[in-house]
Amino acid sequence: MKKEKLYLEDVFDVDWDKVKIKFNQINPEGKNPLEIWKQNPEEINNNWLFWENDKNRFQTGDIAICLIKMSHDRWLLTTVKEITKVLPIKNGIHYEGQELKEYRPYFGRLIIQFHKSFMSIIRKANTLRNQIEVLELLPENYNGDKFPGYNKVHLSWYQLQHILDCKKDDWIQALAHQKGVYLITDSKTGNLYVGSASGNQEGLLQRWEQYIKNGHGGNKELKQLSFDYIQRHFHYTLLENYNFNTDEKIIKDREDWWKTVLATRKHGYNKN
């Protein structure tokens, strides 16, 4: 039997004329709300949800649904709040609100699908509630995707930090038991850096832990950048992986080959 689709209007029993949805995506500074929410949910559920410039897009009594983008057309519900007060603040936290407790079982667990084709970050829900499809209710709060396989490793700095801080076992085991050649991408400038984990005792996990600790991992060119800049713009991709029996020279040769192919000495952060 074909499964019936479930929409947002089937989940929430509210006065839809009072509901507005805020769609949170990566902002102009490169901050990813999904990664921020993993570390500090209140930063998204209050500061991002209630930040406003000189507009009044919420009014007292409105119900605000907070969504953050996961990937493509997938969004995660993080809170639902009723606006209790409009504050006389511009370019800051412009509202106060009370969380609707009856919907807490859905926060951080409800994944929906919606193709956002408009520029506005806040829209009235009445015209969208029967278009936003409920995909999945997770058994527990979302805490990151499972290890996808070595040929699909591509992480932002915040994603890598979350994996290491939460000690996600599948990721930890995968990175701890392999050597490899990796690529660091500066998403703002397009500059690249090729590195490797090739020593007898140094797996990918140990090498990438250094980038989370200080951002530069000892590289002179990366030391010229601020840690905050690295956190906002750096992404880590695994180019090749090898088991621990692989001779260090083989990995170093492959690292040199990737530096040449990608021209990272001339146009990137590699200088040797």
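Preceding this section is the structure that the text describes.
One structure accompanies this document, and this report is about it.

The rules we used
- Residue positions are counted from 1 within each chain, in the order its sequence is given.
- At least 70 in pLDDT is required for a residue's local features to be given in this predicted model, at least 80 for side-chain atom pairs to be given and counted, and no such filter applies to totals for whole chains, interfaces and linings, which use all residues.
- Excluding hydrogens and water, the side-chain figures rest on all heavy atoms present in the structure.
- Throughout, the protein atoms alone are placed on a 1 Å grid, and a set of points is a cavity if a 1.4 Å probe fits but cannot get out or a pocket if it is open with protein on both sides within 12 Å along at least five of seven lines; lining residues have an atom within 4 Å of a point.
- Grid points are joined across faces, edges and corners, and a volume is the space filled by probe spheres set on the points.
- Segments assigned H or I by DSSP are reported as helices when at least four residues long, segments assigned E as strands when at least two residues long, and all are numbered from the N terminus.
- Ten residue types, Ala, Val, Leu, Ile, Met, Phe, Trp, Tyr, Cys and Pro, are classed as nonpolar, four, Asp, Glu, Lys and Arg, as charged, and the remainder, Gly among them, as polar.
- A contact between two residues is defined here by any heavy atoms of the two lying within 4.5 Å.
- The pairing criterion for strands is at least two bridges between them, as found by DSSP.
- Every axis in this analysis is a line fitted to C-alpha atoms, fitted for helices over the stretch in contact. Angles between the N-to-C directions lie between 0 and 180 degrees.
- Each residue gets one of three labels from its accessible area relative to the maximum for its type: buried under 20%, exposed over 50%, partly exposed in between, using a 1.4 Å probe on protein chains only.
- None of His or the chain ends enter the tally, which takes Lys and Arg as positive and Asp and Glu as negative.
- Criterion for a salt bridge: a side-chain nitrogen of Lys or Arg within 4 Å of a carboxyl oxygen of Asp or Glu.
- The term polar contact refers here to a pair of N or O atoms within 3.5 Å; inside protein, the definition further demands a hydrogen-donor-capable atom paired with an acceptor-capable atom, and it admits residues adjacent in sequence only when both atoms are side-chain atoms.

### Describing the layout of surface pockets
Put simply, the largest pocket is a space of about 690 Å³. E35, M70, H154, S156 and Q159 are, among the 34 residues lining the largest pocket, the residues nearest its centre. Taken together, the elements giving at least two residues each to the lining of the largest pocket come down to α2 (33-39), β4 (63-71), β11 (154-156), α4 (157-165), α7 (227-233) and β14 (234-242). In this structure, the second largest pocket encloses a volume near 570 Å³. Around the second largest pocket, the lining is made up of 21 residues, and of these K22, N27, W48, W51 and I121 lie nearest the centre. Of all the secondary structure elements, the ones that give two or more residues to the lining of the second largest pocket are β2 (19-24), α3 (41-50) and β3 (51-52). In terms of residue class, the lining of the second largest pocket is made up of 9 nonpolar, 6 polar and 6 charged.

### Let's talk about the environment of G268
The topology assignment puts G268 in the segment after α9 (264-267). For the pair formed by G268 and D10, sequence separation is 258 residues and the distance between their alpha carbons is 51 Å. Non-local contacts of G268, meaning those with residues more than four positions away in its chain, are made with N191, L192 and A263.

### Thoughts on the sheet that holds strand β13 (residues 192-197)
Read from one edge to the other, the open sheet built from 4 strands follows the order β11-β14-β12-β13, with strand pairing classed as antiparallel. Since the sheet does not close on itself, it has two edges, and those belong to β11 and β13, each with one partner. With direction set aside, neighbouring strand axes in the sheet form an average angle of 25°. Judged from the 8 bridges that link them, strand β12 (residues 179-186) and β14 form a sheet pairing that is antiparallel.

### Observations concerning the side chain of D186
Structurally, the position occupied by D186 is in strand β12. One buried charge, D186, has no salt-bridge partner; the nearest side chain with opposite charge is K188, at 7.8 Å. Here the side chain of D186 touches T189 through a polar contact of 3.1 Å, side chain to side chain. A distance of 2.7 Å separates a polar atom in the side chain of D186 from a polar atom in the side chain of Y269. Residues within four places of D186 in sequence aside, it is in contact with N191, Y229, H233, F234 and Y269.

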